[in-house]
Amino acid sequence: MDVLEFSLSLLIIIMCFSYSTWWYLTKGWCKSSVPTNWPLVGMLPGLIRNAHRVHDFATSILVETGGTFEFYGPVLTNSNMLATSDPANIHHVLSKNFSNYPKGLEFQKIFDILGNGIFNVDSELWEIHRKTTMSLMSHAKFQTLLERNMWDTFEKGLQPILDTFAEQGTPFDLQDIFQRFTFDAISKLLLDHDPKSLSIGLPHVPCEKAFNDAVDALLYRHILPEGCWKLQRWLQIGKEKKLIQAWEAFDRFLYPCISRKQEEWMNKIIKDEDFDLFTAYVKAYNLWKNGDNTGNVQEFLRDTFLNLMFAGRDTTSAAITWFFWLLAENPLVETKIREEIQQKLQLKEDGNLKLFNIEETRKLIYLHAALCETLRLFPSVSLEHKVPLESDILPSGHRVNPNTRIVLSFYTMGRMETIWGKDCLEFKPERWISEKGKIKHEPSFKFPAFNAGPRTCLGKEMAFIQMKMMVATIIHSYHIQLVEGQTISPSASIIVQMKHGLKVRLFKRVHLGPNKKTC
């Protein structure tokens, strides 16, 4: 970083702090959500002042401005943005004019920790990643592996922990438990390695906790001018210091796992080459390099597995945490789900929930609807970041050029009356069920919880299978009680987690047989 960039970044930070302090003292009463566009520093003071609640701040602005808003950053920082939650704009960017909105260099610069993984690349390498992953997930043996992996992680990891907390009656953070569960499950699925973060005593596993620090830092890279976060990285302070430490934790975890799998692969210990995730991604690397093995295959595999672990650990754990909070706030929904589980899974007289299979999860329509409703209000991925290759005009009439950073706010979309009606803030699973009793389809540009267009999440079905298995088992076996007095709000991160976790007490339900009450 040269002296000019360093000095400019420092000046911006000082001026923003001064303006924010003055604003608090003199203008805090203003009712408008739209931040003031100040000379030199633009709207950055208002954004920094609301960074701790950035998702709700963006929502209030976008609701007030009709769904699309132009943000002006400090001069000479190239940090102007266009934020939108307009479904027509979302459809245009992610689908209709997809080729003009690649991930691009700006995205890769912000998400450099993801390397050459599927979420970070374009063109040929993205096609290779996508075809490889689609081929694996559509394989019949993948379904068997997924089902076996889920129940194994539940029986050996989650159930003993939940039983212990139920017996002790002590409060604990349910979000932390779910994050540990999904981390262990995805590690076993991808790397055939159990990190055992979900063990009695809840040991500290640096890689598992590193995900939270990473997603927090990545959001701040969207908020701060590039010079500011690069300065933090150079000084190794703030969010950037935590991101550096997270990067190191990921590498310390992944590279030994990859080396072990490579050794097994070289020694032909892997028996089923027609379905093995590691073998498939080694072949993907060779295809990308056109058979040239002189490159760094370990780095490619590290990037590949880290991207998939971000998807498998963070998104699922965030969704089911919000689900159980919404369930606690809406007990009638919980009752309906319990009744559906008992009826559709045909429980025996003892009431114990058997280890049901993937096909049986598809019978749980109301539970599926409740999960969709959760993701509408709290989409696991809060936003998408795009920069056009060529100038374009969005359906809203806004002109964008190759220097325009476009932020698609998925979090806001579920909170707009223009999209979901006057009851948009209510938790109503019924809105997802058709008159014929099936799940009602909503277009992805209205409900982008799994992205939209060619980059629609490949793991959507897998995510619903995992969530249904976990949720159905927990709801049937336990009663969750929220600890009173806690503040529930979304974290300021790319993944919409709970800022302070979800403190609960757990009680084991006693099944007395059919048509009898439980406690």
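Parameters and conventions
- Residues numbered from 1 in each chain as written.
- Predicted model: local features only at pLDDT ≥ 70, side-chain atom pairs only at ≥ 80, totals over all residues.
- Heavy atoms only, no water.
- Pairing = 2+ DSSP bridges.
- Helix = DSSP H or I, 4+ residues; strand = E, 2+ residues; numbered from the N terminus.
- Salt bridge = Lys/Arg side-chain N within 4 Å of Asp/Glu carboxyl O.
- Buried < 20%, exposed > 50% of the residue type's maximum accessible area, 1.4 Å probe, protein only.
- UniProt positions renumbered as here; feature names shortened; annotations may be inferred.
- Contact = heavy atoms within 4.5 Å.
- Axes fitted to C-alpha atoms, helices over the stretch in contact; angles between N-to-C directions.
- Parallel < 35°, antiparallel > 145°, perpendicular 65-115°, else oblique.
- Nonpolar A, V, L, I, M, F, W, Y, C, P; charged D, E, K, R; others polar.
- Core = buried A, V, L, I, M, F, W, Y, C linked by side-chain atoms within 4.5 Å.
- Phe/Tyr/Trp six-rings, centres within 6.5 Å; stacked < 30°, edge-to-face > 60°.
- Lys NZ or Arg CZ within 6 Å of the ring centre and 35° of its normal.
- Polar contact = N/O pair within 3.5 Å; in protein donor to acceptor, adjacent residues only side chain to side chain.

Draft legend 1. A look at the sheet that holds strand S3 (residues 172-173). Pairing is antiparallel across the open sheet formed by 3 strands, whose spatial order is S3-S9-S8. The two strands at the open ends of the sheet, each matched to only one other strand, are S3 and strand S8 (478-482). Pairing of S3 with strand S9 (residues 503-508), which is carried by 2 bridges, proceeds in the antiparallel orientation. Looking across to S9, one finds that Phe172 is bridged to Val504.

Draft legend 2. Geometry of the pairing of S9. Pairing analysis gives 5 bridges linking S8 to S9, with the strands arranged antiparallel. Residue pairing in the sheet places His479 in a bridge with Phe507 of S9.

Draft legend 3. Geometry of the pattern of salt bridges. Enumeration over the complete set of coordinates arrives at 31 salt bridges. Across the pair Glu226 and Lys109 runs a salt bridge whose closest N-O atoms are separated by 3.4 Å. Taken as a pair, Glu226 in helix H10 (residues 226-235) and Lys109 in helix H5 (residues 104-110) lie far apart in primary sequence, 117 residues in all. The partly exposed category is assigned to Glu226, whose relative accessible area is 22%. Residue classification places Lys109 among the partly exposed positions, given a relative accessible area of 30%. One salt bridge in this structure joins Asp176 and Arg180, with 3.0 Å as the shortest N-O distance. Of the two residues, Asp176 and Arg180 both sit in helix H8 (residues 174-191), 4 residues apart, roughly one turn of that helix. In this pair, the class of Asp176 matches that of Arg180, namely buried. What emerges from the salt-bridge pattern is a single network uniting Asp176, Arg180, Glu208, Lys209, Arg313 and Asp314.

Draft legend 4. Structural view of the UniProt feature "binding site: heme" (unreviewed entry) in the chain. The positions UniProt marks with the feature "binding site: heme" (unreviewed entry) are Cys457. For Cys457, the location among the structural elements is in the loop between helix H18 (417-420) and helix H19 (460-477). Given the relative accessible area of 34%, Cys457 is considered partly exposed. Once residues lying within four places of it in the same chain are set aside, the contact partners of Cys457 are Phe450 and Asn451.

Draft legend 5. Region of the structure containing the sheet that holds strand S4 (residues 383-386). Overall, mixed pairing links the 4 strands, which are arranged S1-S2-S7-S4 in an open sheet. Each of the sheet's edge strands pairs with one partner strand only, and the pair in question is strand S1 (68-71) and S4. Here the strands of the sheet are splayed against their neighbours by 20° on average, with no regard to which way each runs. Bridging between S1 and strand S2 (residues 81-84) involves 4 bridges; their strand directions are antiparallel. Across the sheet, residue Phe69 finds its bridge partner in S2, namely Ala83. Where helix H9 (residues 206-223) meets the sheet, it contacts S2, S4 and strand S7 (405-409), and its direction lies at approximately 50° from that of S4.

Draft legend 6. Just the packing of helix H13 (residues 297-329) against helix H16 (residues 365-377), in detail. Running from N to C, H13 and H16 point in directions that differ by 105°, and their axes come no closer than 9 Å. The angle between the axes of H13 and H16 places the two elements in the roughly perpendicular class. On H16, the residues touching Ala319, Trp322, Phe323 and Leu326 of H13 are Leu367, Ala370, Leu371, Thr374 and Leu375. Of the residues in the contact of H13 with H16, the class split is 8 nonpolar, 1 polar and no charged.

Draft legend 7. How the structure looks around the nonpolar core. Counting 148 residues, the largest nonpolar core has Phe250, Phe323, Phe324 and Ile337 as its most contacted members. Residue contacts for Phe323: discarding those within four places in its chain leaves Ile337, Leu367, Ala370, Leu371, Thr374, Val471 and Ile475.

Draft legend 8. View of the packing of aromatic side chains. Tallying each qualifying case throughout the model produces 24 aromatic pairs. Look at Phe107 and Phe111: their rings are 4.3 Å apart centre to centre, the planes differ by 20°, and that puts the pair in the stacked class. The burial state of Phe107 is the same as that of Phe111; both residues are buried. Cation over ring: Lys103 sits above Phe107, and NZ or CZ is 4.2 Å from the ring centre. Across the ring face of Tyr411, the terminal group of Arg415 is positioned such that the distance to the ring centre comes to 4.1 Å.

Draft legend 9. Structural view of the side chain of Ser409. Locating Ser409 in the fold gives a position in strand S7. Using a relative accessible area of 9% as the deciding quantity, one classes Ser409 as buried. Within the structure, the side chain of Ser409 is placed 2.7 Å from the side chain of Thr412, a separation counted as a polar contact. Residues contacting Ser409, with those up to four places away along its chain left out, are Leu62, Thr84, Ser85, Ser382 and Leu383.

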